[in-house]
Amino acid sequence: MKNDWKFKSAPIDPSEITPRGSYLSRRDFLKSLGIVSASAAILAACAPNLPDTADAGPQEIPEGSLTDELGDPVNSYDEITNYNNYYEFTTDKQGVARLAADFESRPWSIEVSGLVKNPKTYTIEDLLERFPQEERIYRLRCVEAWSMVIPWEGFEIAALLNEVEPTADAKYVRFEALLDSDRMPGQKASFYPWPYQEGLRLDEAMHPLAIFATGLYGEPLPNQNGAPFRLVVPWKYGFKSIKAITRIELVDYQPDTLWSTIAPNEYGFYANVNPQVDHPRWSQKTERRIGEIGRRETLMFNGYEQDVAYLYEGMDLQENY
Ligand SMILES: Nc1nc2c(c(=O)[nH]1)N[C@H]1C(S)=C(S)[C@@H](COP(=O)(O)O)O[C@H]1N2
Ligand SMILES: [Mo]
């Protein structure tokens, strides 16, 4: 199923529209200029001091050359890395990039435990080596009614879960982010019940659209986007896609989540994108695509309805928001 699986919502396989590798990553771009890889690493580390042409990431991608399966162009690297929600650093979306710039995402390990036959602690290097990384161009729809299109690199959650083998009792997957207020200054705000945590039903986590992201635009994941390892669940509101994961636990109960703990009437466990279910304080019928003027209609399950609707058959989606 995995290899020949195609997006049902897509009229054409996205890889047929925008072949993988049709753009140059910054590393390849630097290579094409004759800059060797050792100095590329140094250049990357010093990027903020470089002139704009070398600084802005893969700006060599012709505008609009990469699209999602609906034909929407990807957002620019600049937009994706300078407008972020990441409360462990700050609640100011335009301030995350600067505050996260010096975050050390190595060494990093991810403990997988609970109701599994093969519990294991992986380093990020293990995961990158073990699971082939592929590109997935997904819409990200924030519960705050803005959205972007992001070219992620990563691998299916199912690949990792199949390796640790959930037991028959496992019903949900619980994800926990790093807890370290020395490295994440926003965690000094004690209003939030840190660490950030999230959860999925096991069948949601096993869905081929649900991935762990390790990169974007062909580069390692930037700190502000959740380096080195985050979840991406494109049919759900962005807050489900937890960044900086350090623990994954298979459990037999519906896990608490940070947002449903703070405001259960506003942020449910399911958090499926749904234009028919308004947030108590605003409408979810439309959204603002970053970089566009005006608003777009919000699509059921963020446009992935044909792929995921079966997961919720017979469920009341007004109740299970
Ligand atoms: N650990 C953690 N993960 C998080 C958040 C956060 O504050 N902390 N914010 C979430 C929200 S609300 C959104 S919209 C997305 C934003 O992802 P991006 O900044 O990569 O676009 O990350 C989600 N994951
Ligand atoms: Mo969000």
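This is a predicted model, so every value here is computed, not measured.

Q: Explain the environment of lysine 117 to me, please; I cannot follow it from the model alone.
A: As for its position among the elements, lysine 117 is in the loop between β1 (109-114) and β2 (120-123). Residue lysine 117 is classed as exposed on the basis of its relative accessible area, which comes to 55%. Here the alpha-carbon distance between lysine 117 and proline 166, two residues 49 residues apart in the chain, equals 6.2 Å. Non-local contacts of lysine 117, meaning those with residues more than four positions away in its chain, are made with Val164, Glu165 and Thr167.

Q: I would appreciate a short explanation of the side chain of threonine 81 in the present structure.
A: Checked against the element boundaries, threonine 81 lands in the loop between α5 (77-80) and α6 (96-100). On the basis of relative accessible area, threonine 81 is assigned to the buried category, the value being 4%. Leave out the neighbours within four places in its chain, and threonine 81 touches Ala97, Pro222, Gln224 and Asn225.

Q: Can you help me understand the site of ligand 1 in this one?
A: Around ligand 1, the structure places 16 residues, and the nearest of them are Asn84, Tyr87, Glu88, Arg230 and Lys243. In the model, an oxygen atom of ligand 1 is placed 2.9 Å from a nitrogen or oxygen of the asparagine 84 side chain. Measuring from a nitrogen atom of ligand 1, one finds a backbone N or O atom of serine 241 at 2.9 Å. About the coverage of ligand 1: the protein hides 98% of its 540 Å² of free accessible area. Across the shell around ligand 1, the residue classes break down as eight nonpolar, five polar and three charged.

Q: How should the pattern of salt bridges be read in this particular structure?
A: Oppositely charged side chains may form a pair once their charged atoms are brought near each other. Within the structure shown, the criterion is met by 23 salt bridges. The residue arginine 174 makes a salt bridge to glutamate 176 at a minimum N-O spacing of 2.6 Å. Neither arginine 174 nor glutamate 176 differs from the other in exposure class; each is buried. Between glutamate 204 and lysine 236 there is a salt bridge whose closest N-O contact spans 2.7 Å.

Q: Hey, could you run me through the sheet that holds β2 in this one?
A: Backbone hydrogen bonds are what pair the strands of a sheet, in a parallel or an antiparallel way. As summarised here, the arrangement of the five strands in space is β2-β1-β10-β5-β6, forming an open sheet in which the pairing is mixed. Edge positions in the open sheet fall to β2 and β6 (197-201), since each of these has one partner strand only. The sheet shows a mean angle of 15° between the axes of neighbouring strands, direction not considered. Sheet topology places β1 next to β2; four bridges connect them, and they run antiparallel. Across the sheet, the residue bridging to valine 112 is lysine 120, located in β2. Sheet strands touched by helix α8 (residues 157-164): β1, β2, β5 (172-177), β6 and β10 (245-251). Its angle to β2, the strand with the most contacts, is close to 140°.

Q: Would you take a moment to explain unusual backbone geometry for this structure?
A: Note that the residue after tryptophan 194, namely proline 195, is joined by a cis bond; omega there is 0°. Examined against the element boundaries, proline 195 turns out to sit in the loop between β5 and β6. Across the junction of alanine 227 and proline 228, the peptide omega takes the value 0°, indicating a cis bond. Relative to the assigned elements, proline 228 resides in the loop between β8 (219-220) and β9 (230-232). Its identity is not glycine, yet alanine 271 carries a phi of approximately 50°, on the positive side. Position of alanine 271 relative to the elements: it lies in the loop between α10 (258-262) and β11 (286-289). One non-glycine residue with positive phi stands out, namely phenylalanine 301, at about 50°. Among the structural elements, phenylalanine 301 can be located in the loop between β12 (296-297) and α11 (305-308).

Q: It is not clear to me how the confidence of the model for the protein should be interpreted in this structure. Could you clarify?
A: Low-pLDDT stretches of the model should not have their predicted coordinates read in fine detail. The share of residues in the protein with pLDDT of 70 or more is 80%, and the mean pLDDT across the chain is 86. Confidence drops under pLDDT 50 across residues 1-8; counting only partners more than four residues distant or on other chains, this segment forms 16 contacts. Note on residues 10-56: pLDDT is under 50 here. Beyond four places in sequence and across chains, it has 53 contacts.

Q: Please clarify how α8 should be interpreted in this entry.
A: Helical periodicity: at 3.6 residues per turn, an α-helix aligns residues three or four positions apart in one direction. Taken across its eight residues, α8 has six buried, putting it largely inside the fold. If you check which residues of α8 are buried, you get Ile157, Ala158, Ala159, Leu160, Leu161 and Val164. Among the residues trailing α8, glutamate 165 stands out with phi positive, at a value near 55°.

Q: Quick question: what am I supposed to make of the side chain of lysine 93 here?
A: As for its position among the elements, lysine 93 is in the loop between α5 and α6. Relative accessible area serves as the criterion here: at 16%, lysine 93 is assigned to the buried category. Within the structure, the side chain of lysine 93 is placed 2.8 Å from the side chain of glutamate 144, a separation counted as a polar contact. Not counting the four nearest positions on each side in its chain, lysine 93 is found in contact with Asn82, Tyr83, Asn84, Asn85, Glu144 and Trp146.

Rules of the game
Residues numbered from 1 in each chain as written. Chains lettered and ligands numbered in written order. Predicted model: local features only at pLDDT ≥ 70, side-chain atom pairs only at ≥ 80, totals over all residues. Heavy atoms only, no water. Helix = DSSP H or I, 4+ residues; strand = E, 2+ residues; numbered from the N terminus. Buried < 20%, exposed > 50% of the residue type's maximum accessible area, 1.4 Å probe, protein only. Contact = heavy atoms within 4.5 Å. Near = heavy atom within 4 Å. Polar contact = N/O pair within 3.5 Å; in protein donor to acceptor, adjacent residues only side chain to side chain. Areas by Shrake-Rupley, 256 points an atom, 1.4 Å probe, with all protein chains shown as cover. Nonpolar A, V, L, I, M, F, W, Y, C, P; charged D, E, K, R; others polar. Salt bridge = Lys/Arg side-chain N within 4 Å of Asp/Glu carboxyl O. Pairing = 2+ DSSP bridges. Axes fitted to C-alpha atoms, helices over the stretch in contact; angles between N-to-C directions. pLDDT = per-residue confidence, 0-100.

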